[in-house]
Amino acid sequence: LLRCVPELMKGLWLYEHSAPSRDPAENLVAASKLLFEEMGASRASVHPYTMINQLRQAVPQFAQMGTNRVPMQQDSEECLSALLQGLGSKLLERDGQSAV
């Protein structure tokens, strides 16, 4: 679904991130970019573990564990909103406006 948003894809392709950062939002963008690159390079299945882990770092609500150390179920709308907020905070178009 997100791959169909040209502004998002352009922002991700232009985003440069060289090393892990102390800023969880930057790491989320870098992990998202890596995930989309993997999806575009192969028709095989991809594993979004890095991106999910970075989302959990950026939004601790999604790192909550329930009984038996199983991740708690979260609302998909909240997840999408958190993801887009994280991406939008770091992906800027050339005029300084959010690309997301």
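Values in this document were obtained by computation on a predicted structure and should not be read as measured data.

**Section: the packing of helix α2 (residues 24–41) against helix α3 (residues 49–58)**
Here is step 1: Taken N-terminus to C-terminus, the directions of α2 and α3 make an angle of 165 degrees; their axes are 8 Å apart at the nearest point. Relative to α3, the element α2 lies roughly antiparallel. Where α2 crosses over α3, the two elements pack in a sense that is left-handed. Contacts from P24, A25, N27, L28, A31, S32 and L35 in α2 reach T50, M51, Q54, L55, Q57 and A58 in α3.

**A look at the environment of Q74**
Here is step 1: With respect to the secondary-structure elements, Q74 resides in the loop between α3 and α4 (76–90).
Here is step 2: Distance from Q74 to R3, taken between C-alpha atoms, is 22 Å for residues 71 residues apart in sequence.
Here is step 3: If we ignore the near neighbours within four places in the chain, the residues touching Q74 are Q61, F62 and Q64.

**As for the nonpolar core**
Across soluble globular proteins, you tend to see nonpolar side chains buried next to one another.
Here is step 1: L8, L12, V29, M51, L83, L87 and L91 are the most contacted members of the largest nonpolar core, which has 18 residues in total.
Here is step 2: Looking at this core, the elements that each hand over two or more residues are α1 (6–14), α2, α3 and α4.
Here is step 3: For this core, the leading source of residues is α2, giving five residues.

**Here we look at the environment of R3**
Here is step 1: Tracing the chain through its elements places R3 in the segment before α1.
Here is step 2: Separated by 33 residues in the primary sequence, R3 and F36 place their C-alpha atoms 7.6 Å from one another.

Rules used throughout
- Residues numbered from 1 in each chain as written.
- Predicted model: local features only at pLDDT ≥ 70, side-chain atom pairs only at ≥ 80, totals over all residues.
- Heavy atoms only, no water.
- Axes fitted to C-alpha atoms, helices over the stretch in contact; angles between N-to-C directions.
- Helix = DSSP H or I, 4+ residues; strand = E, 2+ residues; numbered from the N terminus.
- Parallel < 35°, antiparallel > 145°, perpendicular 65-115°, else oblique.
- Left-handed = near helix turned anticlockwise from the far one by under 90°.
- Contact = heavy atoms within 4.5 Å.
- Core = buried A, V, L, I, M, F, W, Y, C linked by side-chain atoms within 4.5 Å.
- Buried < 20%, exposed > 50% of the residue type's maximum accessible area, 1.4 Å probe, protein only.

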